[in-house]
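Spelled out from the first residue to the last, the chains are:
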Amino acid sequence: MSDSAPEPRPGNAEAMPLGTGTRRWLFRPPRRHGEVDTGRSVSFLELFYDLVYVVLVGQAAHTLAEDFSGRGTATFAVVFGLIWIAWLNGTLFYELHGREDGHTRSLIFVQMLLLSLMAVYVGHADGDDGRTLAALYALLLALLSYQWYSVYRQDEPELRRTPRRYLIVMVAGIIAIAASVPLSADARLVVWAVFVVAWCSVECVILIFWRRAPSYNVVTEPMVERFGLFIIIVLGEVVIGVVNGLTETERSTLVTTTGLLGLAIGFGFWWNYADLVSRRLPRESGHSLATWIFTHLPTSMAVAAAGAGMVGLVEHATDHRTPVAVSWLMGGSVAVMLITIVVLLPTLADYDRLPSVYKSVQAVLVVAAVGALLVGWSRPAPWLLALILLLLLSATWVFAFVRWLRQGSLINERTAD
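Throughout, a residue's number is its position along its own chain's written sequence, starting from 1. This being a predicted model, a pLDDT of at least 70 is required before a residue's local features are given, and a value of 80 or more before pairs of side-chain atoms are given or counted; all residues contribute to the totals for chains, interfaces and linings. Hydrogens and water molecules were not included; the side-chain quantities draw on all heavy atoms of the structure.

Before going further, it helps to spend a moment on the overall build of the chain. Think of it this way: any DSSP run of H or I at least four residues long counts as a helix, any run of E at least two long counts as a strand, and we number them from the N terminus. For the chain, the count of helices and strands is 13 helices and zero strands. The N-to-C order of helical and strand elements in the chain reads α-α-α-α-α-α-α-α-α-α-α-α-α. Think of it in three bands: residues with accessible area under 20% of the maximum for their type are buried, residues over 50% are exposed, and the middle band is partly exposed, with areas taken using a 1.4 Å probe on protein chains only. Going through the 417 residues of the chain one by one, you find that 55% of them count as buried. Pairs of residues are marked as contacts when any of their non-hydrogen atoms sit within 4.5 Å. Counting contacts in the chain only where the partners sit at least 6 residues apart, residues at least 24 apart contribute 84% of the total. Here the accessible surface of atoms and residues is derived via Shrake-Rupley with a 1.4 Å probe, and residues count as covered only by protein chains that are part of the display. As displayed, the chain has an accessible area near 17700 Å², and 66% of this comes from carbon and sulfur atoms.

So this is what it looks like as structure tokens:
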């Protein structure tokens, strides 16, 4: 990040070296600030990179599915925050500075190696495995910091204020995570939690000040697509949760029905996010962009948590009432998902174009979120809990669809007049 942009240079290097360009293809520096490639599409390398996070998120969700206690939920939230921060750094670096060359590929594959090793220890992060996880995470942050520094050193001295602040926060994060290695499991989780909250808060402020007077655009369709793809990744946990629940439980009509209703909740997540948020560009202003980026953390976390909750929902399908922890997890996940969409909508570039539509949709989303919490509190039978949550998600989408359809009809009528 920088406060103003240099003159843009040519775009990404070719995918494969030709002739004397081999050395340049292997050692070319990253794009500088301002060299945003707005015409590119999401690459195979980015998709491969995101797939590694499928394993990390899956391991964290699997652990939550085995322990719905307060400690288990807190551990999941903290570990998921660590995973998301790593994904955000890797994603934004490639979006703003990466190239289709050997140098970028090599660094990303090194990241993927570290992430794969981390996945081995994520499942028992609240025990002794947390020490190794912390050490590997510190190494990953160091590699990411090196990448950001490689851009920083290319900037003119007068343009380095914002990237310097970003790097300081990254280095502070490395120190904090490394310092947590020798601590007890409880103390280590506290340090990680403070790191996640502090890192997101400080970087959010830095982003706001950086975009206060934008000198070039950083919001692109590929960036928006990457955030949407991460939501798709965590939605996969809903499917996995249902399948695991059905696999580990003696199947009956009621159990299978409960599983399918749970799976449909995942469909409801997709319909609401895909049609209300996905592929819609956020504004370039600092507050809007920062809110849009960092609100995706609780959004994706809620979806992944719901995926873990599916296991308990199916396993207890024959109970007269849903267990307290499972009921609150499911109701809370749906509520958080809906509320974060409420927060995301005003950050979109076209919010002011249809303010009445968006505001009415926001009101319905809030009502549905309250309803989800009430359902979680009331603890109906698992099949009924899933059905009500599905109906709430369906109602929000149908309302939004009807409002958009009606608004389109009004616009067509005015155009015809």
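Moving on from the model shown.
Attention now moves to the nonpolar core. Core analysis: the largest hydrophobic core is formed by 133 residues, its most contacted members being F80, W84, W192, W199, I265 and L345. Looking at this core, the element that brings in the most residues is helix α10 (residues 286-315), giving 16 residues. Among the buried residues, those of types Ala, Val, Leu, Ile, Met, Phe, Trp, Tyr and Cys that are joined through side-chain atoms within 4.5 Å form a nonpolar core.

Next up on the list: helix α12 (residues 355-378). Here a helix's expected span is defined as the number of its residues, less one, multiplied by 1.5 Å. The end-to-end C-alpha distance of α12, which contains 24 residues, comes to 35 Å, matching closely the 34 Å that a straight helix rising 1.5 Å per residue would cover. Those residues of α12 that fall on the buried side of the exposure criterion are V357, Y358, S360, V361, Q362, L365, A368, A369, G371, A372, V375 and G376. Immediately beyond the C-terminal end of α12, within one or two residues, lies R379, with a positive phi of roughly 55°.

pLDDT measures the predictor's confidence residue by residue and takes values from 0 up to 100. In this model, the chain carries an average pLDDT of 86, and 89% of its residues clear a pLDDT of 70 or more. No element of the chain has a lower mean pLDDT than helix α1 (residues 22-27), which averages 67, and none a higher one than helix α11 (residues 324-344), which averages 96. Here residues 409-417 is a poorly scored stretch, pLDDT under 50, and it has zero contacts once near neighbours within four places are set aside; other chains count.

What follows concerns the packing of aromatic side chains. Here a pair means two rings of Phe, Tyr or Trp (six-membered ring of Trp) with centres within 6.5 Å. Their orientation is stacked below 30 degrees between planes, edge-to-face above 60, and tilted elsewhere. Summed over the entire model, instances satisfying the criterion amount to 18 aromatic pairs. Consider the rings of F76 and F80, whose centres lie 5.8 Å apart with planes at 40°: the pair is tilted. You can see F76 and its partner F80 sitting in helix α3 (residues 70-97), four residues apart, about one turn around the helix. When sorted by exposure, F76 lands in the same class as F80, which is buried. With 6.4 Å between their ring centres and 65° between their planes, F80 and F230 make a pair best called edge-to-face. Taken as a pair, F80 in helix α3 and F230 in helix α8 (residues 221-248) lie far apart in primary sequence, 150 residues in all. Look at F80 and you get buried, because its relative accessible area is 0%. Assessed through its relative accessible area of 2%, F230 is described here as buried. Taken together, F76, F80, W87, F227, F230 and W292 form an aromatic cluster joined through their ring pairs.

The geometry of a pair of packed helices is captured by two quantities: the angle between their axes and the separation between those axes. At their nearest, the axes of helix α4 (residues 102-122) and helix α5 (residues 129-152) sit 9 Å apart, and the two run at 165° to each other. The angle between α4 and α5 places the two elements in the roughly antiparallel class. Read as a crossing pair, α4 and α5 show a hand that is left-handed. Contacts between α4 and α5 involve H103, L107, V110, Q111, L114, L115, L117, M118, Y121 and V122 from the first element and D129, T132, L133, L136, Y137, L139, L140, L143, L144, Y146 and Q147 from the second. Here the residues of the contact of α4 with α5 are counted per class, giving 16 nonpolar, four polar and one charged. Comment: axis = line fitted to C-alpha atoms, over the contacting stretch for helices; angle = value between 0 and 180 degrees taken between N-to-C directions. Any angle that falls under 35 degrees is termed roughly parallel, while one over 145 is termed roughly antiparallel, one within 65 to 115 roughly perpendicular, and all others oblique. When the near helix sits turned anticlockwise from the far one by under a right angle, the crossing is termed left-handed; a clockwise turn instead gives a right-handed crossing. Ten residues, namely Ala, Val, Leu, Ile, Met, Phe, Trp, Tyr, Cys and Pro, are considered nonpolar, four, namely Asp, Glu, Lys and Arg, are considered charged, and the remaining ones, Gly among them, are considered polar.

It is possible for side chains bearing opposite charge to pair when their charged atoms get close. By salt bridge we mean one thing: a side-chain nitrogen of Lys or Arg within 4 Å of a carboxyl oxygen of Asp or Glu. Inspection of every chain in the model, using the stated rule, returns nine salt bridges. D186 is paired through a salt bridge with R71; the nearest N and O atoms lie 2.5 Å apart. Here R71 lies in helix α3 and D186 lies in helix α7 (residues 185-210), a separation of 115 residues in the sequence. D186 gets classed as partly exposed once you look at its relative accessible area, which sits at 46%. Accessibility expressed as a relative area gives 36% for R71, which makes it partly exposed. A salt bridge links D350 to R280, with the shortest nitrogen-to-oxygen separation between them at 3.1 Å. Taken as a pair, D350 in the loop between α11 and α12 and R280 in the loop between α9 (253-276) and α10 lie far apart in primary sequence, 70 residues in all.

Like-charged residues are merged into a patch within 9 Å and nonpolar side chains (Val, Leu, Ile, Met, Phe, Trp, Tyr) within 5 Å, provided each residue has over 30% relative accessible area and no salt bridge. Residues V324, W328, I339, V343, V366, V370, L373, L374 and W377 make up a contiguous nonpolar surface patch of roughly 800 Å² in combined accessible area. The element that contributes the greatest number of residues to the nonpolar patch is α12, accounting for five residues. Here W377 shows up in helix α12. For W377, a relative accessible area of 59% gives the class exposed.

Turning next to the environment of Y146. The residue Y146 is located in helix α5 in this model. Between the C-alpha atoms of Y146 and L167, which are 21 residues apart in sequence, the distance is 9.1 Å. In this structure, Y146 is in contact with H103, L107 and R153, ignoring residues within four places of it in sequence.

The next subject is the packing of α3 against α5. It is the contact of α3 with α5, at a shortest axis distance of 11 Å, that shows an interaxial angle of 20°. Between α3 and α5, the interaxial angle falls into the category roughly parallel. With respect to the hand of their crossing, α3 and α5 are arranged in left-handed fashion. Seen from α3, the contacting residues are L82, I85, A86, N89, G90, L92, F93 and H97; seen from α5, they are Y137, L140, L144, Q147, W148, S150 and V151.

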